Amino acid sequence: MVEKKKDANKAKVAREISKIWGGLESDQIATLKEHVEITKYKKGEMIYQCDETPTDAMCLLTGKVKIFKDGINGKSQIIRVIKPNEFFGFRAYFANEIYKTAAQALDTCTVVHFPLPVLMKLLQKSYKIGYYFIKYLSVEIGKSVSVSPLPTQTTGPLVTRTTEPRAPGQNHLVQITISSSLPLSLFSLSVIDRKSVV
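Residues numbered from 1 in each chain as written. Predicted model: local features only at pLDDT ≥ 70, side-chain atom pairs only at ≥ 80, totals over all residues. Heavy atoms only, no water.

A general feature of soluble globular proteins is that nonpolar side chains tend to end up buried together. Membership of the largest hydrophobic core comes to 37 residues, with the highest contact counts inside it found for Trp21, Leu32, Ile47, Val65, Phe87, Phe88 and Phe114. With residues up to four places along the chain from it excluded, the contact list for Phe87 reads Ile17, Ile20, Trp21, Met58, Cys59, Arg80, Ile82, Phe114, Tyr132, Phe133 and Tyr136. (Core = buried A, V, L, I, M, F, W, Y, C linked by side-chain atoms within 4.5 Å. Buried < 20%, exposed > 50% of the residue type's maximum accessible area, 1.4 Å probe, protein only. Contact = heavy atoms within 4.5 Å.)

Taking strand neighbours across the sheet as the criterion, the 4 strands line up as E2-E7-E4-E5 in an open arrangement whose pairing is antiparallel. Each of the sheet's edge strands pairs with one partner strand only, and the pair in question is strand E2 (46-48) and strand E5 (76-82). This sheet shows a mean twist of 35 degrees between the axes of neighbouring strands, independent of strand direction. Sheet topology note: the E2/strand E7 (residues 102-105) ladder contains 2 bridges and is antiparallel. (Pairing = 2+ DSSP bridges. Helix = DSSP H or I, 4+ residues; strand = E, 2+ residues; numbered from the N terminus. Axes fitted to C-alpha atoms, helices over the stretch in contact; angles between N-to-C directions.)

Per the stated rule, a full pass over the model turns up 12 aromatic pairs. On the numbers, 5.5 Å between centres and 70 degrees between planes, the contact of Phe87 with Tyr132 is edge-to-face. With Phe87 in strand E6 (residues 87-88) and Tyr132 in helix H5 (residues 127-144), this residue pair connects regions lying 45 residues apart in the sequence. Taken as a pair, Phe87 and Tyr132 share a single burial class, namely buried. These aromatic residues form a ring-pair network of at least three members: Trp21, Phe87, Phe90, Phe94, Phe114, Tyr132, Phe133 and Tyr136. Across from the ring centre of Phe68, 4.8 Å away, lies the NZ or CZ of Lys66, which sits over that ring. (Phe/Tyr/Trp six-rings, centres within 6.5 Å; stacked < 30°, edge-to-face > 60°. Lys NZ or Arg CZ within 6 Å of the ring centre and 35° of its normal.)

This part covers the layout of surface pockets. As a volume, the largest pocket reaches approximately 500 Å³. Around the largest pocket sit 18 residues that line it, and Ile67, Ile79, Arg80, Arg91 and Thr101 are the ones nearest its centre. Those elements giving two or more residues to the lining of the largest pocket turn out to be strand E4 (65-70), E5, helix H3 (91-94) and H5. For the lining of the largest pocket, the leading source of residues is H5, giving 5 residues. For the lining of the largest pocket, a count of residues per class yields 9 nonpolar, 3 polar and 6 charged. (1 Å grid on protein atoms, 1.4 Å probe; cavity = no way out; pocket = protein on both sides within 12 Å on 5 of 7 lines; lining within 4 Å. Points joined across faces, edges and corners; volume = space filled by probe spheres on them. Nonpolar A, V, L, I, M, F, W, Y, C, P; charged D, E, K, R; others polar.)

Within the secondary structure, Asn9 is located in helix H1 (residues 2-20). Given the relative accessible area of 36%, Asn9 is considered partly exposed.

Sheet topology places E4 next to E5; 6 bridges connect them, and they run antiparallel. Within E5, the position partnered with Lys69 by the bridge is Gln77. What sits between the antiparallel neighbours E4 and E5 is a turn of 5 residues, in which Asn73 has the positive phi angle 60 degrees.

So this is what it looks like as structure tokens:
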């Protein structure tokens, strides 16, 4: 009786993961069902540790998980918080690395584990899974890019180029200034009235 309930839960989880990935063929869902393991974690329990070799892809079903690394003076730095239906634990495997972070349950949570070689096998059969992970990783990279705020004042020009009028009758100069306090991709363009130039 317990075994049937366990199989029913695995089948349900495999179908849910299939939906997240955009739909799989029945044989791919069967492969997933065969390999998924459902694990409950208590608040504060470690899911994986820094420097371990990744073996499983994980999908959070319920609860919250923090991905973190130890910072200065032993204080942990939270990299991100995993929410239900999000995958984690696979990036290091894709990069052929050990874990550079750790994962810990922020509250009671349920996590689905399945071997990363099984994920790779499924990736070879379904472009939908590949597309899902490309999109997922692209979003994560986008979140990690920080944009510096623009300063309210400049500290003076780093480079100034002034172009004299080329045709008779033009009455302005063009001055391009790149400031040392702005990113090099930004510049100011000034049109100066020739009459005001001494």
